[in-house]
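# Breakdown of the fold
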Amino acid sequence: DAGITQSPRHKVTETGTPVTLRCHQTENHRYMYWYRQDPGHGLRLIHYSYGVKDTDKGEVSDGYSVSRSKTEDFLLTLESATSSQTSVYFCAIAYKDSGNTIYFGEGSWLTVV
Amino acid sequence: QKEVEQNSGPLSVPEGAIASLNCTYSDRGSQSFFWYRQYSGKSPELIMFIYSNGDKEDGRFTAQLNKASQYVSLLIRDSQPSDSATYLCAVNEGDSNYQLIWGAGTKLIIKP
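Throughout what follows, the structure given in this document is the object of discussion. (Residues numbered from 1 in each chain as written. Chains lettered and ligands numbered in written order. Predicted model: local features only at pLDDT ≥ 70, side-chain atom pairs only at ≥ 80, totals over all residues. Heavy atoms only, no water.)

## Quick word on the overall build of chain A
What counts, and what does not: Segments assigned H or I by DSSP are reported as helices when at least four residues long, segments assigned E as strands when at least two residues long, and all are numbered from the N terminus. Remark: exposure states derive from per-residue accessible area (1.4 Å probe, protein chains only) relative to the maximum for the residue type, with buried under 20%, exposed over 50%, and partly exposed in between. We call two residues contacting when some pair of their heavy atoms lies within 4.5 Å. What sets the accessible areas is the Shrake-Rupley method with a 1.4 Å probe; for residues, cover comes only from the shown protein chains.
Scanning chain A from N- to C-terminus turns up zero helices and eleven strands. In chain A, the succession of helices and strands from N to C terminus is β-β-β-β-β-β-β-β-β-β-β. C-alpha extents for chain A along the principal axes are approximately 40 × 30 × 25 Å. By residue count, 51% of the 113 residues in chain A fall in the buried class. Long-range pairs, those at least 24 residues apart, make up 54% of the contacts in chain A with a sequence separation of at least 6. Accessible area of chain A: about 5400 Å², with a carbon and sulfur share of 46%.

## Focus on the overall build of chain B
We count it as follows: Computation of the radius of gyration draws on C-alpha atoms alone. For the globule rule, the value is 2.2 Å times the number of residues to the power 0.38. Positive charges come from Lys and Arg, negative ones from Asp and Glu, while His and the chain ends are left out of the count. Lysine's charge is taken at NZ, arginine's at CZ, aspartate's at CG and glutamate's at CD.
Within chain B, the regular secondary structure consists of zero helices and eleven strands. Along its sequence from the N terminus, chain B presents helices and strands in the succession β-β-β-β-β-β-β-β-β-β-β. Taking 2.2 N^0.38 as the reference for a compact globule, 112 residues should give roughly 13 Å; the C-alpha atoms of chain B span a radius of gyration of 13 Å, in line with that estimate. Along the three orthogonal principal directions, the C-alpha set of chain B runs to about 45 × 30 × 20 Å. Across the 112 residues that make up chain B, the buried fraction comes to 46%. Expressed as a percentage of contacts within chain B between residues at least 6 apart in sequence, the contacts between residues at least 24 apart total 54%. When the accessible surface of chain B is totalled, it reaches about 5300 Å², and 46% of it is carbon and sulfur. Within chain B, one finds 10 positive and 12 negative side-chain charges whose respective centroids are separated by 3 Å.

## Brief notes about the sheet that holds strand β7 (residues 64–70) of chain A
Residues and elements named next belong to chain A. Stated precisely, the cut-off is as follows: By definition, two strands form a pair when at least two bridges between them are found by DSSP. Between the N-to-C directions of two axes lies an angle of 0 to 180 degrees, each axis being a line fitted to C-alpha atoms and, for a helix, fitted only over the stretch in contact.
Across the sheet, which stays open at both edges, the four strands sit in the order β1-β3-β8-β7 with antiparallel pairing between neighbours. Of all strands in the sheet, those with a lone pairing partner are β1 (4–7) and β7, marking the two edges. Neighbour-to-neighbour, the strand axes of the sheet open up by a mean angle of 20°, direction not taken into account. Pairing between β7 and strand β8 (residues 73–78): five bridges, direction antiparallel. Its bridge partner lying in β8, V66 is registered against L76.

## Observations regarding the state of the cysteines
Keep this limit in mind: A pair of cysteine sulfur atoms is labelled a disulfide when the two atoms are within 2.5 Å.
This model, assessed by the stated rule, comprises two disulfides over all chains. Each sulfur in the disulfide pair A:C23 and A:C91 lies 1.8 Å from the other. Here the disulfide of A:C23 and A:C91 is left-handed, its torsion about the S-S bond being about -70°. Linking A:C23 in strand β3 (residues 19–25) with A:C91 in strand β9 (residues 87–95), this pair joins segments that are 68 residues apart in sequence. Take A:C23 and A:C91: they sit in the same class, and that class is buried. Between the sulfur atoms of B:C23 and its disulfide partner B:C89 the distance amounts to 2.1 Å. Negative torsions about the S-S bond denote left-handed disulfides, and the value of about -70° found for B:C23 with B:C89 makes this one left-handed.

## Quick word on the sheet that holds strand β7 (residues 61–66) of chain B
Spatial strand order, β1-β3-β8-β7-β6 (chain B): five strands in an open sheet with antiparallel pairing. The sheet is open, and its two borders are formed by β1 (4–5) and β6 (54–58) of chain B, each paired with just one other strand.

## Overview of the nonpolar core
We apply this condition: Put simply, buried Ala, Val, Leu, Ile, Met, Phe, Trp, Tyr and Cys residues joined by side-chain atoms within 4.5 Å make one nonpolar core.
Among the nonpolar cores identified, the biggest contains 24 residues, and B:W35, B:V72, B:L74, B:I76 and B:Y87 are the most heavily contacted of them. Beyond its immediate sequence surroundings of up to four residues, B:V72 is in contact with B:L21, B:N22, B:C23, B:F33, B:W35, B:I50, B:Q64, B:L65 and B:C89.

## Points about the interface of chain B and chain A
The extent of an interface is frequently quoted as the accessible surface area lost upon association of the parts. Applied cut-off: Summed over both partners, the accessible area lost on bringing two parts together, with a 1.4 Å probe, is the buried area. Pairs of N or O atoms are called polar contacts if they sit within 3.5 Å, as long as, within protein, a hydrogen donor faces a hydrogen acceptor (for residues adjacent in sequence, only side-chain-to-side-chain pairs).
On the chain A side, the residues contacting the 17 residues of chain B number 21 residues. Both sides together, the interface formed by chain B and chain A hides about 1600 Å², and carbon and sulfur atoms give 58% of it. When the area that chain B buries against chain A is broken down by residue, the three leading residues are B:Y98, B:Q99 and B:W102, summing to 39%. Seen at the junction of chain B and chain A, the total is five residue pairs in polar contact (both at pLDDT 80 or more).

## Structural notes on unusual backbone geometry
Cis peptide bonds are those with omega within 30 degrees of zero, and the linkage from A:S7 to A:P8 qualifies with -10°. With respect to the helices and strands, A:P8 occurs in the loop between β1 and β2 (10–13). Residue B:P10 is bonded to the preceding B:G9 through a cis peptide linkage, with omega at 10°. Not every positive phi belongs to a glycine, and A:N28 is a case in point at roughly 65°. Note on placement: A:N28 falls in the loop between β3 and β4 (32–38). On the accessibility criterion, A:N28 (61% relative accessible area) is exposed. Phi angles above zero are rare outside glycine, and B:D78 is one such case at about 50°. Of note, B:D78 is situated in the loop between β8 (71–76) and β9 (85–92).

Structural data, given as structure tokens:
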């Protein structure tokens, strides 16, 4: 158990509405990540954070923003959800003491209708 | 563009046999190599990682790394139906220890 909690785990929302997914960790890891996973595309990095208020874009960041005001929380926001953002979203952390191995949360399933 | 290539499968293996999963990568600067297993509807979970050329064994799993050929593989001995899952290969970006490049995964089916 990597001590990662994602919420909500499942959400259905309407096109055009804002959505925020929360990732909470209990072990004070510096690096946190948001990925999305879709059939045929594998895991794609949306945004990552390397400390409080330090974030950077991944390969599929358009339409997404993130915030990290506390070490333990990394928020992913879809400002105006679109159907193309229907996906499963995984939060992850990097364990520095085990070769920067990445561990995942349980995932958040988002459906935009 | 840095890439990690895996055969999407499905790879079908009889129970008790050896399953061999392969992965090639393009970034010659990569130093860390990871295998994850993902059951349907679940998050990826780490099986093992390898840093040095050669073999690394952990129970029924063996990771093999050949940096010269830019090739990493995972062998599963005595395959069980519970090994049926998608296996993801990941390698670190050569200029970052904290960013991984992911393969799309190989679906493995173990037939009883």
